[in-house]
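Geometric and topological summary
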Amino acid sequence: MLKFACTAKELSCIIGSLFIELESPCALCEDKEQIIICGTSYTGQRAVLFIGKDGLYFDGDAEDLNEIRKTRCISGAKR
């Protein structure tokens, strides 16, 4: 699991660009103090974002997240 920090604007872009399909997080919702977003990434792999008061965590292929954080934006907009 990868821990990272980003702005709210970057997180919005990550969520919108990373996931092509969402699924119910019921199996992962042990801690009610987290927002959990899980589903299928743009590469077809399973990905999970945990957003909590102690940081952001990503469970999935780190390259999927790193690519979005470096250059990828679905709309083609420059960051």
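Cut-offs and rules
- Residues numbered from 1 in each chain as written.
- Predicted model: local features only at pLDDT ≥ 70, side-chain atom pairs only at ≥ 80, totals over all residues.
- Heavy atoms only, no water.
- Helix = DSSP H or I, 4+ residues; strand = E, 2+ residues; numbered from the N terminus.
- Buried < 20%, exposed > 50% of the residue type's maximum accessible area, 1.4 Å probe, protein only.
- Polar contact = N/O pair within 3.5 Å; in protein donor to acceptor, adjacent residues only side chain to side chain.
- Pairing = 2+ DSSP bridges.
- Axes fitted to C-alpha atoms, helices over the stretch in contact; angles between N-to-C directions.
- Contact = heavy atoms within 4.5 Å.
- Core = buried A, V, L, I, M, F, W, Y, C linked by side-chain atoms within 4.5 Å.
- Arc of directions from axis to C-beta.
- Parallel < 35°, antiparallel > 145°, perpendicular 65-115°, else oblique.
- Left-handed = near helix turned anticlockwise from the far one by under 90°.
- Nonpolar A, V, L, I, M, F, W, Y, C, P; charged D, E, K, R; others polar.

Observations concerning the environment of Tyr42
Mapped onto the elements of the fold, Tyr42 is located in the loop between β3 (35-41) and β4 (46-52). Look at Tyr42 and you get partly exposed, because its relative accessible area is 23%. Counting along the chain gives 21 residues from Tyr42 to Glu21, while the straight-line C-alpha distance between them is 8.6 Å. Only 3.3 Å separates the side chain of Tyr42 from the backbone oxygen of Asp64, close enough to count as a polar contact.

Concerning the sheet that holds β4
In spatial order, the strands read β1-β5-β4-β3-β2; together these five strands make up an open sheet with antiparallel pairing. Single-partner strands in this sheet number two, and they are β1 (2-4) and β2 (19-23). Ignoring which end each strand starts from, the neighbouring axes of this sheet average 30 degrees apart. Inspection of the sheet shows β2 paired to β3 by four bridges, in the antiparallel sense. Bridging across to β3, Glu21 finds its partner in Thr40. In the packing of helix α2 (residues 62-70) onto the sheet, the strands contacted are β1, β3 and β5 (55-59), and the crossing angle to β1 comes to about 20 degrees.

A few points about the nonpolar core
As a rule of thumb, soluble globular proteins bury nonpolar side chains together. In terms of nonpolar packing, the biggest core is built from 13 residues, with Phe4, Ile14, Leu18, Phe19, Leu49 and Phe58 touching the most fellow members. For this core, the secondary structure elements donating two or more residues are α1 (8-18), β4, β5 and α2. With residues near it in sequence (within four places) discarded, Leu18 still touches Thr40, Ser41, Tyr42, Ala47, Phe58, Asp64 and Ile68.

Concerning α2
Each turn of an α-helix holds 3.6 residues, which means side chains three or four residues apart point in the same direction. Among all positions in α2, only Asp64, Leu65 and Ile68 are buried. Burial along α2 is one-sided: seen end-on, the buried residues are contained in an arc of 95 degrees. Backbone nitrogen of Glu63 and a side-chain oxygen of the N-cap are separated by 2.9 Å at the start of α2; the cap is Asp61.

Comments concerning the packing of α1 against α2
Running from N to C, α1 and α2 cross one another at 125 degrees; their axes reach a closest spacing of 10 Å. With respect to α2, the element α1 is oriented oblique. Here α1 and α2 pass one another in a crossing that is right-handed. Each of Glu10, Ile14, Ser17 and Leu18 in α1 lies in contact with α2, whose residues at this interface are Asp64, Leu65, Ile68 and Arg69. When the residues that make up the contact of α1 with α2 are grouped by side-chain class, the tally is four nonpolar, one polar and three charged.

What about α1?
Among all positions of α1, only Glu10, Leu11, Cys13, Ile14, Ser17 and Leu18 are buried. The arc that holds every buried residue of α1, seen down its axis, measures 160 degrees, which confines them to one face. Summarising the geometry of α1, the exposed residues directed more than 90 degrees from the buried face are Ala8, Lys9, Ser12 and Gly16. For α1, the elements touching its buried residues are β1, β2, β3, β4, β5 and α2.

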